[in-house]
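Structure assessment
What follows is each chain in one-letter form.
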Amino acid sequence: MSARIIDGFAIAQKIRGQTALEVSALKEKGIHPCLAVILVGENPASVSYVSAKKKALAEAGMADRSVNLPCGVNEAELLGIIADLNRDTSVHGILVQLPLPSHIDEQKVIAAIAPEKDVDGFHPVNAGKLLIGQTGFVPCTPYGVTVLLKEAGVPTDGAYAVVVGRSNIVGKPLALLLARKDINATVTLCHTGTKNLASFTRSADILVAAMGRPNSITADMIKPGAAVIDVGVNRISDNTKKSGFRLTGDVDFEAALDIAGFITPVPKGVGPMTIAMLLRNTLHAAQGSFK
Ligand code: NAP
C-alpha cells in the first residue's frame, strides 16, 4: 500500500485563488483589506516568514502595513504602536511575528491586539470563543489542517484523532477543532507526559504530529490506512544543500508512506495552508465577519 500524498500546496493555491476573488469583490464595495505586519528584530526565520506573508497578501490583492522595529524596542513602545493600529480603521488585521525578544512579554502583546483584528487567533478572547464554540478567529495552522482534511476527503465523522503536541498555537486549538460537531472526531491530546505514546498513535484514524521533533513518528506508530498530518518543520543540516540544511517533519515520511492511507509531506503539506488561512482570516477581518 502506498499512502495518498495530500498536496497542501495545491489546496492552498485553490483557497488563495478563492480569497483573491472575494478580495476584489470587497474592493468594489470600497473596502481594501489591509494587514499590519509587525516585525521586531532581524531573526532570519522571522524575516523570511514575514516576507512570504507579505508576498501572499499582495498576490491576493490585499495591502500590508509593514512595521519593522529594532530588536531593542521597548514593550511600552510596541504596545503603543498596537494601540494606534487598533484605532486605525484602514487596518483590518494586526499580526505580530513571533517569537519576540525575551525582554518583551508576548502574552501582553497578544492581549493588546483588538480581538476583531487578531488574524492569528492567539488573543484570549478568540481562544475562549474557540473553546465555547463561538465564531472567532482560529489560529491559522490548525485551521489549515482542518481544511486539508476536508479537501483531501479524509473521513472525520466518528474518527479517532490523536494530536501529538499541546502548544497554544497548534496542538490545543487543533484538538478543539477536531472535536467540534462539524468534524466530529474523538480526540486525544498527547505530549511529553504521555506514557506509551505509540499505544495512542497506533489506534488513530487521524494522527497529527505537532512536536517539532524530527522523525519521532515512526512507521510502527501508525495505524494502517490512517491519515497522517505532519505539522512539524525541522531544520536538519545537509551539506548537499546550498543553504546547509533541509526541512523535515516530525514523521518518518518514507517509512510512513507504506502504511498510512493519507499523508502530508514537509515541505508543501501543512505549511502553505498556514499562509492561505492567514489570508482568509484577514479577508474575514476586513468583512467584519467576527465583530
Ligand atoms: P512547541 O510549542 O514546541 O510544542 C511542541 C509540543 O510537542 C509540546 O506540547 C511538547 O510537549 C510536544 N512534544 C515534543 N516532543 C514530544 C515527544 N517526544 N512526545 C510527545 N510530545 C512531544 O511547538 P509548536 O509551536 O506547537 O510547533 C510544533 C511544530 O510545528 C514545530 O516543528 C513547528 O516548527 C511546526 N509548526 C509548523 C507550522 C506550519 O505552518 N507548518 C506552524 C506552526 C508550527 P510538552 O508540552 O509536554 O513540552
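Residue numbers run consecutively from 1 along every chain, following the written order of its sequence. Restriction of local features to residues with pLDDT of at least 70 applies here, the model being predicted, together with a cutoff of 80 or more for giving and counting side-chain atom pairs; totals for whole chains, interfaces and linings are based on all residues. Working from all heavy atoms in the structure, the side-chain values ignore hydrogens and water.

Side note on the pattern of salt bridges
A carboxyl oxygen of Asp or Glu within 4 Å of a side-chain nitrogen of Lys or Arg is what we treat as a salt bridge. Taken as a whole and judged by the stated rule, the model has 10 salt bridges. In this structure, Arg-87 engages Asp-84 in a salt bridge whose closest nitrogen and oxygen atoms are separated by 2.7 Å. Here Asp-84 and Arg-87 lie together in helix 3 (residues 75-87), a separation of 3 residues that amounts to about one turn. When its relative accessible area of 59% is taken as the criterion, Arg-87 is described as exposed. Going along the chain from the N terminus, every DSSP run of H or I of four or more residues is numbered as a helix, and every run of E of two or more is numbered as a strand. The rule is simple: take the accessible area with a 1.4 Å probe, protein chains only, and divide by the maximum for that residue type; under 20% is buried, over 50% is exposed, in between is partly exposed.

Side note on the sheet that holds strand 11 (residues 262-263)
At least two DSSP bridges between two strands are required for those strands to pair. The 6 strands are arranged 1-11-8-7-5-6 in an open sheet whose pairing can be described as parallel. On the outer flanks of this sheet lie strand 1 (4-5) and strand 6 (186-190), each paired with one strand and no other. Note that strand 1 and strand 11 share 2 bridges and pair parallel. Across the sheet, residue Arg-4 finds its bridge partner in strand 11, namely Phe-262. Contact definition: two residues touch when any of their heavy atoms are within 4.5 Å. Axis angles are defined between N-to-C directions and span 0 to 180 degrees, where every axis is a line fitted to C-alpha atoms and, for a helix, only to the segment in contact. The sheet strands contacting helix 7 (residues 171-179) are strand 5 (160-164), strand 6 and strand 7 (206-209), and the helix crosses strand 6 at an angle near 170 degrees.

Concerning unusual backbone geometry
For the bond from Leu-98 to Pro-99, the omega torsion is 0 degrees, close enough to zero to count as cis. In this model, Val-266 is joined to Pro-267 through a cis peptide bond whose omega is 0 degrees. Positionally, Pro-267 belongs in the loop between strand 11 and helix 10 (270-287). Look at Lys-268: it is not a glycine, yet its phi comes out positive at around 75 degrees. According to the relative accessible area criterion, Lys-268 is partly exposed, its value standing at 49%.

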